[in-house]
Amino acid sequence: KALVPAENCGKIICDMQYMPQDEPFPSIAKRLDGSENYPHMLDDIKLGAENGYACYGVVEENNVLCAAYSFIPEDDIDVEVEIGVETVPEHRGKGFAYESVSALASYLYEKGHEVIYSYYEENLASARLAEKCSFINFANGFEIILERGV
């Protein structure tokens, strides 16, 4: 069976680079270490926080509501590092992703890293977040997902 493009597989991916415009601001996000309470959807982020990945998040009564994270352990970052963010659904739209991404991007940038944030073009909330957090577009790519044909 040959590999063929999956149905509806083509998506534009926008790659953004952090370019801070202003001085860092006080944030409600804090560095996560894995000792906090994480909902099931953030299990991977808890594991990352416990194992040296740079993670910042908004925590209320020791419960993580939103977390921004690096895709590789902090000690393994050479120059460039991609980050992502997850917010517990009932806490979306409250600015927690902005707080978490801004705090993590600022922390990594101050350490001398190029910080990258990517999103699918149709994800308008993610596009607005990237722009608000001082990321600028440097590339657009096309994702192709392959599957086994019949």
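Residues numbered from 1 in each chain as written. Predicted model: local features only at pLDDT ≥ 70, side-chain atom pairs only at ≥ 80, totals over all residues. Heavy atoms only, no water.

### A short note on the side chain of Glu36
No. 1: By the element assignment, Glu36 lies in the loop between β3 (30-31) and α1 (43-50).
No. 2: Overall, the relative accessible area of 3% leaves Glu36 in the buried class.
No. 3: Among the polar contacts listed, one links the side chain of Glu36 to the backbone nitrogen of Asp33, at a separation of 3.2 Å.
No. 4: Only 3.0 Å separates the side chain of Glu36 from the backbone nitrogen of Gly34, close enough to count as a polar contact.
No. 5: Each residue touching Glu36, except ones within four places of it in the same chain, is listed here: Lys30, Arg31, Lys46, Val59, Asn62 and Val64. (Helix = DSSP H or I, 4+ residues; strand = E, 2+ residues; numbered from the N terminus. Buried < 20%, exposed > 50% of the residue type's maximum accessible area, 1.4 Å probe, protein only. Polar contact = N/O pair within 3.5 Å; in protein donor to acceptor, adjacent residues only side chain to side chain. Contact = heavy atoms within 4.5 Å.)

### Regarding the nonpolar core
No. 1: In this structure, Ile83, Val85, Val101, Leu104, Leu108, Tyr117 and Phe135 are the most contacted members of the largest nonpolar core, which totals 30 residues.
No. 2: Looking at this core, the elements that each hand over two or more residues are β2 (11-18), β4 (53-60), β5 (63-73), β6 (80-87), α2 (96-110), β7 (114-120) and α3 (124-132).
No. 3: When residues in this core are grouped by element, the largest group, eight residues, is from α2.
No. 4: Leaving out residues up to four positions away in the same chain, Val101 has contacts with Ala68, Ile83, Val85, Leu129, Cys133 and Phe135.
No. 5: Among the nonpolar cores identified, the runner-up in size contains ten residues, and Leu42, Ile45, Cys55 and Tyr69 belong to it. (Core = buried A, V, L, I, M, F, W, Y, C linked by side-chain atoms within 4.5 Å.)

### Notes on the pairing of β4
No. 1: Inspection of the sheet shows β3 paired to β4 by two bridges, in the antiparallel sense. Counted as the bridge partner of Arg31 is Tyr56 from β4.
No. 2: In terms of strand pairing, β4 meets β5 through seven bridges, oriented antiparallel. Across the sheet, the residue bridging to Val58 is Cys66, located in β5. (Pairing = 2+ DSSP bridges.)

### Notes on the pattern of salt bridges
For side chains of opposite charge, pairing can occur when their charged atoms come near one another.
No. 1: In total, this model carries three salt bridges according to the counting rule given.
No. 2: A salt bridge links Arg31 to Glu74, with the nearest nitrogen and oxygen atoms 2.8 Å apart. Of the two residues, Arg31 is situated in strand β3 and Glu74 in the loop between β5 and β6; the sequence distance between them amounts to 43 residues.
No. 3: A relative accessible area of 34% means that Arg31 is categorised as partly exposed.
No. 4: For Glu50, the salt bridge goes to Lys46, with nearest N and O atoms at 3.2 Å. Within this pair, Glu50 and its partner Lys46 are both found in helix α1, separated by four residues, close to a single helical turn. (Salt bridge = Lys/Arg side-chain N within 4 Å of Asp/Glu carboxyl O.)

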